[in-house]
Amino acid sequence: MNLSGANALVTGANRGLGAALVEELLARGAGTVYAAARDPRSVVHADPRVVPLRLDVTDLATIRDAAARAGDVDLLINNAGLSGAGSLLTGDPEHARAEMETNYWGPVAMVRAFAPVLARRGGGTVVTVLSALSWAAAPWAGSYAATKAAAWSFTNGVRVELREQGTHVVGVHLGFMDTDMVAHLDVPKITASSVAAQIVDGVEAGAEEVLADAPSRGLKQALAGSPAGLEV
């Protein structure tokens, strides 16, 4: 996909990877970049190509409004995410449900709303930010991992469904990234700007999958072996 002059929408664009994606898209010559967030006032940018957009991926009304407002989108990036519920056996079940609403049902609702928009624009591209935990046995993050595994399955399925209308679908996997979500963890982390650059490289190259770091590449290879190889 040629991003020069293309219009993009990024969910969760007010911080972390979302903000880095906005910057990367601008650097690659994108036209309009809709920076979506629950509170659009949290998106502050001097570049006139950036359009703050109110959008909550768990609120269908705001998704419909966004699809009507951003009817010229060529690239949809499902980046908004939620974590923190921990174990599915001992964690807060209400927070686990909130994770599923955001990390799985959010991308589902976004793709359902924007697939017709992309079709009218000639096909375009959908990117969904997943996780290396999509494939990992991680009891300390069992809820989050389950949501990302579900989103990975959806990404693979919708890739086939949208192929006929010419829409390309990209799944992104990564381990720990230096953002607020994992600020409390003392582990090696990849930078958000590095992940953003790899995502946009993948979009431009027509890749179906982006494995952004060593943990994601290692776990993908481990899928062919014993389930014990997926324990982290």
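Analysis parameters
- Residues numbered from 1 in each chain as written.
- Predicted model: local features only at pLDDT ≥ 70, side-chain atom pairs only at ≥ 80, totals over all residues.
- Heavy atoms only, no water.
- UniProt positions renumbered as here; feature names shortened; annotations may be inferred.
- Helix = DSSP H or I, 4+ residues; strand = E, 2+ residues; numbered from the N terminus.
- Rg over C-alpha atoms; globule rule 2.2 N^0.38 Å.
- Buried < 20%, exposed > 50% of the residue type's maximum accessible area, 1.4 Å probe, protein only.
- Contact = heavy atoms within 4.5 Å.
- Axes fitted to C-alpha atoms, helices over the stretch in contact; angles between N-to-C directions.
- Parallel < 35°, antiparallel > 145°, perpendicular 65-115°, else oblique.
- Left-handed = near helix turned anticlockwise from the far one by under 90°.
- Core = buried A, V, L, I, M, F, W, Y, C linked by side-chain atoms within 4.5 Å.
- Salt bridge = Lys/Arg side-chain N within 4 Å of Asp/Glu carboxyl O.

An unreviewed UniProt entry lists the chain under the name NAD(P)-dependent dehydrogenase (Short-subunit alcohol dehydrogenase family), with Actinomycetospora corticicola given as the organism. Among the UniProt annotations of the chain, the heading Sequence similarities (unreviewed entry) holds the following wording: "Belongs to the short-chain dehydrogenases/reductases (SDR) family."

A few words now on the overall build of the chain. Each helix and strand in the chain was counted, giving six helices and seven strands. The secondary structure elements of the chain, listed N-terminal to C-terminal, are β-α-β-β-α-β-α-β-α-β-α-β-α. For 232 residues, the compact-globule estimate of 2.2 N^0.38 gives 17 Å, and the C-alpha radius of gyration of the chain, at 17 Å, lies within 12% of that figure. Taking the principal axes of its C-alpha atoms as reference, the chain extends roughly 45 × 35 × 30 Å. Here the chain holds 232 residues, and the buried ones make up 49% of them. Of the contacts formed within the chain by residues at least 6 apart in sequence, a portion of 65% connects residues at least 24 apart.

Once that is clear, we can look at the packing of helix α1 (residues 16-27) against helix α5 (residues 192-205). The N-to-C vectors of α1 and α5 enclose an angle of 55 degrees; their axes lie 8 Å apart at closest approach. If you check the angle between α1 and α5, you find them oblique. Note on packing geometry: the crossing formed by α1 with α5 is right-handed. Of the residues in α5, those touching α1 at G16, L17, A20, L21, E24 and L25 are A192, S193, V195, A196, A197, I199 and V200.

Counting 34 residues, the largest nonpolar core has L17, L21, L25, L75, V127, V195 and I199 as its most contacted members. Dropping the residues within four chain positions of it, L21 is found in contact with V10, I77, N79, A196, I199 and V200.

Turning our eyes to something else, we now look at the pattern of salt bridges. Scanning the entire structure with this criterion turns up nine salt bridges. For R28, the salt bridge is made with E24, and the minimal N-O distance between the two is 2.8 Å. Under the relative-accessibility criterion, E24 is labelled buried at 17%. Residue D39 is joined to R41 by a salt bridge in which the shortest nitrogen-to-oxygen separation is 3.0 Å. Several salt bridges converge on common partners, so that one network encompasses E24, R28, D201 and E204.

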